[in-house]
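Report on the structure
Residue-level listing of the chains:
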Amino acid sequence: MNFDELEESVQELEIFSKEDPKKASVIENNIIQRLKTAKFEFPVEDEVLLNNGNASFIYKNNKTYPNLFTFFGKIFNTDIPITIGICKFGPGEILLKADNRNQALENLSNGTQEFHRLIKNIK
């Protein structure tokens, strides 16, 4: 899944939401369908920052995806960062509980699967 393309699509959605609501609806449905059907994983760097039982993953190339996370907040009707279990998904990083790299990767995988499950349940 290409998060850069999704970020651009959400920007386009915001433009059309004011100018052409019908086209905005089509774009939003397209984004959601792409999120539902594509292999879903966050593009994070391999390195994990560990500190006192917490782990932090940053997105590749220091990307932040602010529009995409605003969109996620809207479709989930929640605040940013989006908290799912022990994971907090935000535009700058993903924070979670973990004592070591393996545990961090496992918790990230579990949180990402739950995140994707929530997307798949959107009607």
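This text follows the structure it describes.
Residues numbered from 1 in each chain as written. Predicted model: local features only at pLDDT ≥ 70, side-chain atom pairs only at ≥ 80, totals over all residues. Heavy atoms only, no water.

Turning next to the environment of Pro81. Note on placement: Pro81 falls in the loop between helix H3 (66-76) and strand E3 (82-84). Of the residues examined, Pro81 reaches a relative accessible area of 42% and is grouped as partly exposed. Taking the C-alpha atoms as reference, Pro81 lies 8.6 Å from Ile94; in sequence the two are 13 residues apart. Not counting the four nearest positions on each side in its chain, Pro81 is found in contact with Lys88, Phe89 and Gly90. (Helix = DSSP H or I, 4+ residues; strand = E, 2+ residues; numbered from the N terminus. Buried < 20%, exposed > 50% of the residue type's maximum accessible area, 1.4 Å probe, protein only. Contact = heavy atoms within 4.5 Å.)

This part is about the nonpolar core. With 36 residues, the main nonpolar core has Phe42, Phe71, Phe72, Phe89, Ile94, Leu96 and Phe115 as its most contacted residues. When contributions to this core are tallied by element, the ones reaching two or more residues are helix H1 (3-19), helix H2 (21-37), strand E2 (54-58), H3, E3, strand E4 (87-89), strand E5 (93-97) and helix H4 (101-120). Per-element accounting of this core gives the leading share, six residues, to H3. (Core = buried A, V, L, I, M, F, W, Y, C linked by side-chain atoms within 4.5 Å.)

Moving on, we get to the pairing of E5. Only one face of E5 is buried, namely the one carrying Ile94 and Leu96, since none of Glu93, Leu95 and Lys97 on the opposite face is buried. Where E2 meets E5, five bridges bridge the pair, whose relative direction is antiparallel. In the sheet register, Ser56 faces E5, and the bridge partner there is Leu95. Sheet topology places E4 next to E5; three bridges connect them, and they run antiparallel. By the bridge assignment, Lys88 is partnered in E5 with Leu95. (Pairing = 2+ DSSP bridges.)

The subject of this paragraph is unusual backbone geometry. Following Ile80, the chain continues into Pro81 via a peptide bond in cis, with omega recorded as 0 degrees. A positive phi is found at Asn61, a non-glycine position, where the angle reads about 60 degrees. For Asn61, the position within the fold is in the loop between E2 and H3. Asn61 gets classed as exposed once you look at its relative accessible area, which sits at 63%.

Assignment of secondary structure puts Phe57 in strand E2. Sequence-wise, Phe57 and Pro43 are 14 residues apart; in three dimensions their C-alpha atoms are separated by 9.5 Å. Excluding residues that lie within four positions of it along the chain, Phe57 makes contacts with Val44, Glu45, Glu47, Val48, Glu93, Ile94, Leu96, Ala104, Leu105 and Leu108.

Here the largest pocket defines a volume of roughly 160 Å³. Lining the largest pocket are Phe40, Glu41, Phe42, Val44, Leu105, Leu108, Ser109 and Thr112. (1 Å grid on protein atoms, 1.4 Å probe; cavity = no way out; pocket = protein on both sides within 12 Å on 5 of 7 lines; lining within 4 Å. Points joined across faces, edges and corners; volume = space filled by probe spheres on them.)

This part takes up the packing of aromatic side chains. On inspection of all chains with the given rule, the structure shows 16 aromatic pairs. Here Phe3 and Phe42 contribute two aromatic rings whose centre-to-centre distance is 5.5 Å and whose plane-to-plane angle is 50 degrees, an arrangement assigned as tilted. Pair noted here: Phe3 is in helix H1 and Phe42 is in the loop between H2 and strand E1 (49-51), with a separation of 39 residues, a long-range link. A relative accessible area of 2% means that Phe3 is categorised as buried. Judged by relative accessible area, Phe42 falls into the buried class, the value being 6%. Consider the rings of Phe42 and Phe115, whose centres lie 5.1 Å apart with planes at 85 degrees: the pair is edge-to-face. Taken together, the positions of Phe42 in the loop between H2 and E1 and Phe115 in helix H4 put the pair 73 residues apart, joining distant regions of the chain. Each member of the pair, Phe42 as well as Phe115, carries the same accessibility label: buried. The cationic tip of Lys23 hangs over the ring face of Phe16; the distance from NZ or CZ to the ring centre is 4.8 Å. (Phe/Tyr/Trp six-rings, centres within 6.5 Å; stacked < 30°, edge-to-face > 60°. Lys NZ or Arg CZ within 6 Å of the ring centre and 35° of its normal.)

All we've got here are geometric facts, nothing functional implied.
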